[in-house]
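Spelled out, the chains give:
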Amino acid sequence: MTVVARVAAAFDRIEAAGRPEIWISLRDRAATLAEASAVDPSLPLAGLVFAVKDNIDVYGLPTTAGAPSYAYRPGADATAVARLRAAGAVVIGKTNLDQFATGLVGTRSPYGAVRNAWDPARISGGSSSGSAVAVALGLVDFALGTDTAGSGRVPAALNGIIGVKPTRGLVPVTGVVPACYSLDCVTVFARELSLARTVAELMEGVDPADPLSRPSSPSVAAPARPRLAVPADEHLADLAPGWREAFDAAVRRFAATGAEIVEVDVAPLLEAAALLYGGAFVAERYAAAGPHLEKHADLIGSDLDPTVAGIILGGKEKTAADWATDTARLAALNAAGRAALDGCDALLTPTTTWHPTLAEVAADPVGANARMGRFTNFANLLDYASLAVPAGFAGGLPFGVMLTGAAFTDRALAELARRFANPGVDLFVVGAHLTGQPLNVQLVAAGGTLVAVTATAPGYALHVLDTDPRKPGLVRVGAGGRSIEGELWRLPADGFGAFVAAVPAPMAIGRVTLADGTSVSGFLVEPAALANAPDISHLGGWRAYLAGTAGAAGASGASVRR
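Now for a quick tour of the structure.

Calculation criteria
- Residues numbered from 1 in each chain as written.
- Predicted model: local features only at pLDDT ≥ 70, side-chain atom pairs only at ≥ 80, totals over all residues.
- Heavy atoms only, no water.
- Helix = DSSP H or I, 4+ residues; strand = E, 2+ residues; numbered from the N terminus.
- Polar contact = N/O pair within 3.5 Å; in protein donor to acceptor, adjacent residues only side chain to side chain.
- Buried < 20%, exposed > 50% of the residue type's maximum accessible area, 1.4 Å probe, protein only.
- Arc of directions from axis to C-beta.
- Contact = heavy atoms within 4.5 Å.
- Pairing = 2+ DSSP bridges.
- Axes fitted to C-alpha atoms, helices over the stretch in contact; angles between N-to-C directions.
- Phe/Tyr/Trp six-rings, centres within 6.5 Å; stacked < 30°, edge-to-face > 60°.
- Lys NZ or Arg CZ within 6 Å of the ring centre and 35° of its normal.

What about the environment of D184?
Step number 1: By secondary structure assignment, the location of D184 is in the loop between β5 (162-165) and β6 (185-190).
Step number 2: For the pair D184 and G436, spaced 252 residues apart in the sequence, the C-alpha separation amounts to 48 Å.
Step number 3: Looking at D184, its side chain comes within polar contact range of the side chain of T148, at 2.5 Å.

Pasting the structure below:
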């Protein structure tokens, strides 16, 4: 499909969807198609269509931050938008949001509450509500949001998509209406992790116009056997019905990728999270939007959302002494939190705690919203990277989990999420690929992780093959066979494919039944290679054979020396 055809199809999907509350403004169709016709098809994002949260500037469209009285016409694209357009992506419109990016529910907007992509009676999550739903419904390929308290992650979880919250400052916020300038992050929504990460990395890089922007750090790969922290039971006690079971299933799935799971006390992180709105840091929201709210106080209740206004204007009461006290408190909590996570590669949590209906939020707008940010609010305050990923369903609706790690672990978090999405293939090895043997390096290079030392079920024979290096051949013989010791390794799907393609004859990959009754891929040998190949099954495994031959060689050497 050509770039023009893709953009035309996006306009058609938007019209057919019948979800006007997603959008605050759409570009002119003819002008957008003309832009699409000039896109170089060799660019990395050529032909992809994206939406932009309406607190991020797009040249030619007004920026409202969800408040018509605030609207202005930017003279240029935000830096993040400009970088994506330079990569070939085409902007199609601006999306609805919780006003001034203040909220995690997606209902605090005079343009209407954005309904969930799966259940229109429930909230979309916010504040990047329109962006998340536009992606979830397939109206655009990806969308930009922002995240101060969780706005780039909560709506991702509630709509079953990916939400990337980069390390603070990696993506410049030039051209973004601030919520809390020192904490704000530009985020990405997509249905596929690879696209979301590509978009995030294309936006990275220092911008002189944003003094808080930071250069990318060298990419650090996730370890083969990562250590993942999970919250103690007390911090998971009041999840929505069915969510604890869904989270436990996700934990088991991460463990199946080779991760070590450790329970930690995340109380310092949750206490820090409470400071985002309950402490003096809300004064930064007043600095950003308070003067506008005071100037247009007569519009509160119509153009200006009263819940948002109450939160922002409350920031004016905070003093410099409050700020100093809370800054010191935050530093202490940060130290305690990092100590709790010491030795862990990431923290794994539910993204949020429940999925309320629109009616439930209307009945208790502040209380309902407060529950949404338990596991998200601390990340930007404490300078963490974070990534929300789908993890199945609970009660018929999407359930999501979140990986959170130290600043600049963005790529490592993505690798952990990729393993979760594609947990890999188990492979049983019995010879030269065992740990410490000559060909083990091939497994490691393919991304393999040792799962367990185990053995086959009875019914196998092991022979010594005349190869270089010498290796065993495993064959199923049925009655009269033995249990043969080996190792179970787990490889990512792409690594497994490349590894198998390089296996030389007479070796082959087939199905092997293990002692516990499970069936996995494993090394076998072509029967023709067994002619004149000594049977060593009685030894129980290749290591026993090697130990015996080494002992025999030593004894032979000793007799010569005598």
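Quick notes on helix α17 (residues 493-501)
Step number 1: Listing the buried residues of α17 in full gives G495, F496 and F499. Buried positions in α17, seen along its axis, are confined to an arc of 100° and lie on one side of it. Exposed side of α17, more than 90 degrees from the buried face: D494, A498 and A501 are the residues found there.
Step number 2: On its buried face, α17 sits against β12 (425-429), α16 (440-445), β16 (485-491), β17 (507-513) and β18 (519-525).

Here we look at the sheet that holds strand β10 (residues 384-394)
Step number 1: One open sheet holds the eleven strands; their spatial order is β1-β3-β2-β4-β6-β5-β10-β11-β9-β7-β8, and the pairing between them is mixed. The open sheet has two free edges, formed respectively by β1 (23-26) and β8 (260-264), since each of these has just one partner strand. Along the sheet, successive strands turn relative to each other by an average axial angle of 25°, direction set aside.
Step number 2: In terms of strand pairing, β1 meets strand β3 (residues 90-95) through three bridges, oriented antiparallel. Within β3, the position partnered with S25 by the bridge is K94.
Step number 3: Here helix α7 (residues 243-256) sits on the sheet in contact with β7 (227-231), β8, β9 (346-350), β10 and β11 (397-406), set at roughly 55° to β11.

Overview of the packing of aromatic side chains
Step number 1: Within this structure, the stated rule accounts for ten aromatic pairs.
Step number 2: Seen in terms of ring centroids, F281 and W323 are 5.2 Å apart; in terms of plane orientation they differ by 65°. Their pairing is edge-to-face. You can see F281 sitting in the loop between α8 (267-278) and α9 (283-295) and its partner W323 sitting in helix α11 (residues 320-340), a full 42 residues away along the chain.
Step number 3: Between F378 and Y384, the aromatic rings sit 5.8 Å apart at their centres with planes inclined by 85°, giving edge-to-face as the arrangement.
Step number 4: Among the aromatic residues, those joined into a cluster by ring pairs are Y70, Y72 and F100.
Step number 5: The cationic tip of R338 hangs over the ring face of Y384; the distance from NZ or CZ to the ring centre is 4.4 Å.

From the geometry alone we can't say anything about function, so treat these as descriptive.
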